[in-house]
Amino acid sequence: MADVVATHETIVVVGGGISGMTAAVEAAETGKNVILLERAPSLGGRVSQLYKYFPKLCHPTCGMEINLRRLRGNKRIKVLTQAEVRKIEGRAGDYKLSVTLHPRYVNENCTACGACGEAVSAEIPNPFDYGMSHMKAAYLPSLMAYPQRYVIDPSILGTADAEKAKAACKYSAVDLDMKPETITLSAGAVVWATGWRPYDAAKIQPYGYDRFANVITSVEFERLSDPRGPTAGRIVRPSDGKEARNVAFIQCAGSRDRNHLKHCSRICCMASLKQTTYMRERFGDEAQSTVYYIDIRAIDRFEDFYQKVQADPTVRFLKSKVANITEDEATGDVILHGVDTEGYHRYDNRHDLCVLAVGMEPSVDVRSIADVRVDASGFIELGPTDGGIFGAGCAANALDVNRSVQSATASVLRAVQVVNRVAKAEG
Amino acid sequence: MGDINTAMAEQYRNNFLKEVEANVEEGQWVKMCMQCGVCSGSCPLGPAWEHPPQEIFMMIRAGRRDEVLKSESMWMCTSCYNCIVRCPRELPITHIMHGLANYAHRLGLAPKMNPTRRFAKKFWNNLAKSGRVNEIELSAGLYFMDGFKTGIARAWAMKDIGIGMLKAKRLNPFGFVTHKGCKDKKGIHRMLKKAREIEDRRKGFAA
Ligand SMILES: Cc1cc2nc3c(=O)[nH]c(=O)nc-3n(C[C@H](O)[C@H](O)[C@H](O)COP(=O)(O)OP(=O)(O)OC[C@H]3O[C@@H](n4cnc5c(N)ncnc54)[C@H](O)[C@@H]3O)c2cc1C
Ligand code: SF4
Ligand code: SF4
Ligand code: SF4
Ligand code: SF4
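Residues numbered from 1 in each chain as written. Chains lettered and ligands numbered in written order. Predicted model: local features only at pLDDT ≥ 70, side-chain atom pairs only at ≥ 80, totals over all residues. Heavy atoms only, no water.

Caption draft 1: View of the domain arrangement of chain A. Residues and elements named next belong to chain A. Partitioning chain A into structural domains gives domain 1 (10–102 + 180–195 + 363–426), domain 2 (115–168) and domain 3 (199–360). Placing the centre of domain 1 and that of domain 2 at their C-alpha centroids yields a distance of 28 Å. Each partner contributes to the interface: domain 1 provides 15 residues, whereas domain 2 provides 10 residues. Here domain 1 packs against domain 2, burying approximately 1,000 Å² in sum over the two surfaces, 68% of which is carbon and sulfur. Inspection of the domain 1/domain 2 interface yields zero salt bridges. Connecting domain 1 to domain 2 are four residue pairs in polar contact (both at pLDDT 80 or more). For the side of domain 1 that touches domain 2, the element with the highest residue contribution is helix H2 (residues 60–72), accounting for six residues. Tallied by class, residues from the side of domain 1 that touches domain 2 come to six nonpolar, six polar and three charged. (Domains from an automatic or database assignment. Contact = heavy atoms within 4.5 Å. Buried area = accessible area lost by both parts, 1.4 Å probe. Salt bridge = Lys/Arg side-chain N within 4 Å of Asp/Glu carboxyl O. Polar contact = N/O pair within 3.5 Å; in protein donor to acceptor, adjacent residues only side chain to side chain. Helix = DSSP H or I, 4+ residues; strand = E, 2+ residues; numbered from the N terminus. Nonpolar A, V, L, I, M, F, W, Y, C, P; charged D, E, K, R; others polar.)

Structural data, given as structure tokens:
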């Protein structure tokens, strides 16, 4: 990686989701040199795993495409994938980042022709589909993957499969001798955009995510609805593959709960409202969506979206946080138990499938890596005034795409100021 | 007792929530309830409650003093703690239920014939007398509290358990005569009296 040049005036962006990509592009467009570090083998983050995104219900590929074009066209941005930041030391204007580069076992010669994937027989769970599908152990992370380069999973190293992949490649792109490397980068300022991860639904014991096949999470439902997802867009039950026409959405699954995440994850009300539109799209008037909620938080202009969904007769709103779920073993149906707040009626409602609108938590414990201030939930807060590490997007708060992008822009402005200060001091 | 009730109703006029906060154990938590419904849905005795905990909390805020304090509902709580474990706001629901029941009892508003209240009274009197529960006396008192005939029927229905307890030495059959209680009974009585005085003073019950 001798070609990576980083100085005190470089801005390093950590995390290549929508926030990190935005930050990298905007910092570079102000004339700064940027290094974008992404832990996964390709950019895009969790937005690329959505079927559509609110409020306009466009496909994520569209927004991604625009960002990628800006990114590829900019000479000032250097992208490193499979790059994981271990430690940040120093101070504003003078940081040292220790970064581990994990081997891909495929070099720049790769044309993504796919021959290695065909040659290999081992299969591994596909993280892009949250493990709901399997893929070959030589793979392209997703259709939209950037860079468009295959990855060989370390699990097949030393097996006949690895040799088969190597033999199948006509471009000498497979390099099984690659080793992990640790490099040190200099930076004047850092934009930390490592995003979020879904709260572990199995911890919400009364909902039985780990016990009942037909209790899934909202992120899994996105994949289930996507024509390029594990079921080719058929909304079916994991237990028996039957169409799930009668679906329950449980809000605040793990959020606003002192036993789990204390904060409101802010996007999950809108995510469930959006997902009821997937139901209507698939099943028309036959769809039956029931949203169990404490209160619906459709912030500012999203109110319109909420009103549209409310007007849909296939969508029912039930004001109640579900107490617990049981399973009818004979049919695989899930039965939701609780008491509603509007009249205190006890219910035991049967559904084909239950979707938990899981909360967002920070994807990494940033405090073990850098000296930054975080809030009670671990999201980065604005540090002391002389700090040069700035949180962006869901590393800083539970945010939707629009607000993540705003937050990224704000952090870039701060980072640029730090770097300008350094430049001035150095003359 | 009725006098305390009038005094309290007067002092906290139109603000039952404040009254609960001041006088009911853990009452200051009531305002933290966000009306999600998890406690009511989680209560194993839920279907038997006229007003489940969530509704009681709303009724308190709505100032429905008489309905709450005269209710049988909070007397249904068996202290299983399911609600506390699950409440997203960590309200000590069980304790509030007992606190409300106790307060209603102090004011003389609790339903007279409520079986839990009657048992609790018997238990307390039994315990306070000697500082240690006399089990045979308590069980007998409980079975026979509605008269001799029902008492015999109840005792008969429970006889297998009773014999089992005797065999396991969990019940002293001669307890009516041999129950000793604690050493310094007078001291215990003094202590309980003092505690009651302190509580009454703190809550403004003292005359
Ligand atoms: C069910 C669901 C549906 C949603 N639907 C919508 C919607 O319709 N519309 C909308 O606006 N928003 C939606 N959101 C919110 C949206 O997903 C987020 O706003 C968005 O993902 C935030 O982007 P980000 O770049 O901040 O984080 P991420 O998308 O999480 O990206 C972070 C990136 O950082 C990388 N990374 C993590 N750790 C490291 C590390 N240590 N080193 C280097 N890189 C690292 C990750 O691999 C990832 O690529 C939804 C969320 C959920 C849960
Ligand atoms: S590694 Fe080789 S065989 Fe595999 S996709 Fe790339 S070019 Fe094709
Ligand atoms: S956005 Fe809605 S579902 Fe998500 S935590 Fe907040 S209130 Fe609950
Ligand atoms: S579970 Fe807690 S917050 Fe929810 S209704 Fe009951 S007391 Fe209120
Ligand atoms: S502790 Fe009392 S109120 Fe709470 S769930 Fe158990 S019986 Fe119901």
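Caption draft 2: Spotlight on the sheet that holds strand S5 (residues 94–101) of chain A. All names here are of chain A. Read across the open sheet, the three strands follow the order S4-S5-S10; overall the sheet is antiparallel. Each having just a single partner strand, strand S4 (83–91) and strand S10 (181–187) make up the two edges of the open sheet. Within this sheet the neighbouring strands show an average axis-to-axis angle of 20°, counted without direction. Here S4 pairs with S5 via eight bridges, running antiparallel. Note that in S5 the partner of Gly90 across the bridge is Tyr95. (Pairing = 2+ DSSP bridges. Axes fitted to C-alpha atoms, helices over the stretch in contact; angles between N-to-C directions.)

Caption draft 3: Quick look at the layout of surface pockets. All names here are of chain B. The calculated volume of the second largest pocket comes to roughly 830 Å³. Taken together, 21 residues line the second largest pocket, and the ones lying closest to its centre are Asn102, His105, Ala120, Lys121 and Trp124. Elements supplying a minimum of two residues to the lining of the second largest pocket: helix H7 (93–106), helix H8 (115–130) and helix H13 (185–203). Among the residues forming the lining of the second largest pocket, the class breakdown is 11 nonpolar, five polar and five charged. (1 Å grid on protein atoms, 1.4 Å probe; cavity = no way out; pocket = protein on both sides within 12 Å on 5 of 7 lines; lining within 4 Å. Points joined across faces, edges and corners; volume = space filled by probe spheres on them.)

Caption draft 4: Up close: the site of ligand 1. Residue and element names in this part refer to chain A. By nearness alone, 36 residues border ligand 1, and Ser19, Glu38, Phe54, Leu399 and Val401 come closest of all. A distance of 2.6 Å separates an oxygen atom of ligand 1 from a polar atom in the side chain of Ser19. One of the backbone N or O atoms of Arg39 is found 3.1 Å from a nitrogen atom in ligand 1. Protein burial of ligand 1: of its 990 Å² of free accessible surface, 97% is covered by the chains. Elements represented by at least two residues in the shell around ligand 1 include exactly helix H1 (18–29), helix H5 (218–225), helix H6 (268–283) and helix H8 (401–426). Here the shell around ligand 1 is built from residues that sort into 18 nonpolar, 11 polar and seven charged. Mapped onto the domain boundaries, the shell around ligand 1 takes at least three residues apiece from domain 1 (10–102 + 180–195 + 363–426) and domain 3 (199–360). (Near = heavy atom within 4 Å. Areas by Shrake-Rupley, 256 points an atom, 1.4 Å probe, with all protein chains shown as cover.)

Caption draft 5: Expanded view of the environment of Ala162(A). All names here are of chain A. As for its position among the elements, Ala162 is in helix H4 (residues 160–168). In this structure the C-alpha to C-alpha distance between Ala162 and Ala138, which are 24 residues apart in sequence, comes to 8.7 Å. In this structure Ala162 touches Ile156, Leu157 and Leu176, once residues within four positions along its chain are discounted.

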